[in-house]
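# Working through the structure, step by step
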Amino acid sequence: MAAPRGVRPPAFGLSARIVGLPPRAIARPTSPDRCREVPDAFLADPDEARRTAPRTAYLEIPETQRRYVLGDMDAEDGSLVAVAFGPGGTPPARGSNARVTEKEHGYAREYFAERDAWAARAPADEGIDGPGEPGLLALRNDFPVPVTVDGTRYPTVAHAYRALSTDDPERREIVRVAENPHQTARLGRESPRRRGRAGARTAVMLRLLRAEFEQHPDLPELLLSTGDRTILYDDIGSPSCWGRHEAGGRDWAGRLLEVVRAERCADRAGI
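Residues numbered from 1 in each chain as written. Predicted model: local features only at pLDDT ≥ 70, side-chain atom pairs only at ≥ 80, totals over all residues. Heavy atoms only, no water.

## Quick word on the overall build of the chain
Helix and strand counts for the chain come out as 10 helices and 4 strands. The N-to-C order of helical and strand elements in the chain reads β-α-α-α-α-β-β-α-α-α-α-α-β-α. Counting all 271 residues of the chain, 43% fall into the buried class. Excluding contacts between residues fewer than 6 apart, the proportion of contacts in the chain whose partners are at least 24 apart in sequence is 60%. Of the roughly 14,000 Å² that the chain leaves accessible, carbon and sulfur atoms contribute 51%. (Helix = DSSP H or I, 4+ residues; strand = E, 2+ residues; numbered from the N terminus. Buried < 20%, exposed > 50% of the residue type's maximum accessible area, 1.4 Å probe, protein only. Contact = heavy atoms within 4.5 Å. Areas by Shrake-Rupley, 256 points an atom, 1.4 Å probe, with all protein chains shown as cover.)

## Some thoughts on the confidence of the model for the chain
This prediction gives the chain a mean pLDDT of 74; 66% of its residues lie at or above 70. Note on residues 15-30: pLDDT is under 50 here. Beyond four places in sequence and across chains, it has 35 contacts. Every residue in residues 122-132 is under pLDDT 50, and counting partners more than four places away or in other chains gives 18 contacts. (pLDDT = per-residue confidence, 0-100.)

## Digging into the pattern of salt bridges
If the charged atoms of two oppositely charged side chains come close together, the side chains can form a pair. Under the counting rule described, the total for this entry stands at 7 salt bridges. Here Arg-140 and Asp-142 are joined by a salt bridge, their closest N and O atoms 3.4 Å apart. Classification of Arg-140 as buried rests on a relative accessible area of 4%. Between Arg-268 and Glu-221 there is a salt bridge, with its nearest N and O atoms 1.8 Å apart. Of the two residues, Arg-268 sits in helix H10 (residues 252-269) while Glu-221 sits in helix H9 (residues 218-224), which places them 47 residues apart along the sequence. We classify Arg-268 as exposed; its relative accessible area is 57%. A relative accessible area of 43% means that Glu-221 is categorised as partly exposed. (Salt bridge = Lys/Arg side-chain N within 4 Å of Asp/Glu carboxyl O.)

## Quick look at helix H5 (residues 157-164)
Most of H5 is tucked away: 8 of the 8 residues are buried. Three or more residues of H5 are buried, namely Val-157, Ala-158, His-159, Ala-160, Tyr-161, Arg-162, Ala-163 and Leu-164. Buried residues belonging to H5 abut strand E2 (147-149), strand E3 (152-154), helix H6 (169-176), helix H7 (181-190) and helix H8 (197-215). For H5, the N-terminal cap is Thr-156; the gap from its side-chain oxygen to the backbone nitrogen of Ala-158 is 3.2 Å. (Polar contact = N/O pair within 3.5 Å; in protein donor to acceptor, adjacent residues only side chain to side chain.)

## Here's the deal with the environment of Thr-101
Its location among the elements puts Thr-101 in the loop between helix H3 (78-85) and helix H4 (102-121). For Thr-101 and Thr-90, which are 11 residues apart along the polypeptide, the C-alpha to C-alpha distance reads 9.9 Å. Within polar-contact distance, the side chain of Thr-101 engages the backbone nitrogen of Glu-104 at 3.0 Å.

## Here we look at the side chain of Thr-166
Here Thr-166 is to be found in the loop between H5 and H6. A relative accessible area of 1% means that Thr-166 is categorised as buried. For Thr-166, the contacting residues outside a window of four places in its chain are Arg-171, Arg-172, Ser-191, Pro-192 and Arg-194.

Structure representation (structure tokens):
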């Protein structure tokens, strides 16, 4: 489990870890809701007797839904598991011989502390349609905002990019209808690559981003709300070409978003 990582000003990080979780307009919290809330209560007063609450809430969630309960596509549920079971604890998915380490528990404490710090520093996240909407997460390539290219509709920019990377029509369709961006990435890697793809990939991504922002009128406002700050596509799981993380990376996803932002600014200025 990688240590959680923040973004240092003046850069602006585009990561699930720094955008607050949307409020839940419900009267009675569900197990996932409690999983998002109880770690803070435990960490504020880390008594072992209080660890039961996050563990119980976690175990009440169906196993198939636990992985992304925090809304973090990168770190997944690792930090929550470490807090819920504690050092030496044995999460059910790991088997009897795999226990939470002190290092993992330390990372988890940093993760939740960093999440809270970002929530306190960041401007209120009003989303693209109002309070409770996904906000800046909607700018990510794997966010479920459909895009149509050459008459074909793709569930996300990530689906479109991976599908267009192959010239095999059957494989392209398999990639297009993949259940989620993670499957899309895997299926795309397993498909024959289009000749010349490597040299054209940034142009392809820019074309997809332009199409996405043309087809969804609310998105440009969201992008423009980042001002003139550097956009870091802060993604531990991202290939080094697209993201920027502790291992390095060229951050082309963030840089291309800045290009689209500049184009929108130029349009508004009549330049």
